[in-house]
Amino acid sequence: FSKRKGFKFTSWSREDHKEPIFGVAFNPYNHPDHPPTFATVGSNRVTIYECTDNSVNVIQSYSDPCTEEIFYTVCWMYSKTEEGAIETSVAVAGLRGLIRVVSLRKLTNLFTLMGCGDSINELKLHPTDNHLLLSASKDNSLRLWNLKTRRCIVIFGGLEGHRDEVLSCDFDLQARYVLSCGMDHSVKMWSLESDDVKDIIKVSYSYQDKKPFPVLNKHFPVFSTRNIHRNYVDCVRWFGNFVLSKSCENKIVCWKPNLSIKKSSDIPDQSEVLHSFDYGNCDIWYMRFAVSPSFDAIAAGNQIGKVFLWDISEEPSKPAILSHQKCSTAIRQVCFSPDSTIMVAVSDDSAVWRWDKETRAS
């Protein structure tokens, strides 16, 4: 691994709830002059951290009123005040299938979105419309929500949808497609460019009728495959026009879907595997990898506390292995700071681990 882009261990911290931390996300809307901040979710708590020179410090914490809640996922959001300033909040969800939107300024629950039939495994914010939020659920579906009007507007699932719980989802950068994957071993692609989806999004901002909102049901993805993985697919991410996905098979697969080739069904299912990022001791599910915002690194943790880091700015090679003597439990998720210089991992023993990029050989 290139020393120029190597990461060194900086610090760690442990949360006092003594439960696994399942999710972590950096604030992508942070002012450049302010220290990087990130959020973690574990138990019924969301915790906000600030990265100082050599440590991670808790600056805020919010606990759900329900002590039986377990948050699995966190997503940063923003809105503009009347003065034009950006105000950040986080959306969190998990076991109970409720989406809580928490104000970081007021440290209160602004509102709750209800409607999912079971637990929520992942949340993603639309890349160009900060009012649209996507959820992936144990009820075998994805839902698109309008945060401004607090409505569910599209349900992706049904006839040709997932046959088991949906574990992960992602928007492409142009917001043309949504990726989803789940326990049915499949990866599916859903279009946001069809006229009916575009129309219902537009209507959702202005709907005034006293009747319930006419939620759009999308039963058919534009692509679906079970040929990439042979087990639960628990994390999927866009990488340009390529797809990165992982299962409980000790590898992350980079592949390209072919939307033009149809086989026996009406839904394209042909793909080309481009590369496999192999690593060890990761045959349990709900383990999430990360792609750096600069698109030059991929990081994934395993179940014995090691983080594997691939430099993909050049020809992919063997990963660097990052470890610490006190880190020995499953790394549930890793995340990069917006400038790709800090990487944070969260683990089953309530711990938060930080590594910083080295700018030159030490």
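Scroll up for the structure.
Residues numbered from 1 in each chain as written. Predicted model: local features only at pLDDT ≥ 70, side-chain atom pairs only at ≥ 80, totals over all residues. Heavy atoms only, no water.

Draft legend 1. The arrangement of the overall build of the protein in detail. Looking only at helices and strands, the protein features one helix and 29 strands. Computed over the C-alpha atoms, the radius of gyration of the protein is 20 Å, within 12% of the 21 Å expected from 2.2 N^0.38 for a compact globule of 362 residues. Along the first, second and third principal axes, the C-alpha set of the protein runs to 60 × 50 × 35 Å. A burial count over the protein gives 56% of its 362 residues as buried. In the protein, once contacts between residues fewer than 6 apart in sequence are set aside, the share between residues at least 24 apart is 54%. Carbon together with sulfur atoms contributes 47% to the accessible area of the protein, which is approximately 16,100 Å² in total. Between the mean site of the 42 positive side-chain charges and the mean site of the 43 negative ones, the protein shows a separation of 0 Å. (Helix = DSSP H or I, 4+ residues; strand = E, 2+ residues; numbered from the N terminus. Rg over C-alpha atoms; globule rule 2.2 N^0.38 Å. Buried < 20%, exposed > 50% of the residue type's maximum accessible area, 1.4 Å probe, protein only. Contact = heavy atoms within 4.5 Å. Areas by Shrake-Rupley, 256 points an atom, 1.4 Å probe, with all protein chains shown as cover. Lys, Arg positive; Asp, Glu negative; His and termini not counted. Charge placed at Lys NZ, Arg CZ, Asp CG, Glu CD.)

Draft legend 2. Main features of the sheet that holds strand β15 (residues 177–182). Judged by pairing direction, the sheet is antiparallel, and its four strands sit side by side in the order β14-β15-β16-β18 without closing on themselves. Looking at the sheet topology across the chains shown, the edges are occupied by β14 (166–171) and β18 (223–225). Strand-to-strand, the axes of this sheet are offset by a mean angle of 15°, without reference to chain direction. (Pairing = 2+ DSSP bridges. Axes fitted to C-alpha atoms, helices over the stretch in contact; angles between N-to-C directions.)

Draft legend 3. Inspection of unusual backbone geometry at higher detail. Backbone geometry at S43 places phi at a positive 55°, although glycine is not the residue there. Note that S43 resides in the loop between β3 (37–42) and β4 (45–51). Here the phi dihedral of N140 falls at roughly 75°; this positive angle occurs in a residue that is not glycine. Along the chain, the position of N140 falls in the loop between β11 (132–137) and β12 (142–146). When its relative accessible area of 25% is taken as the criterion, N140 is described as partly exposed.

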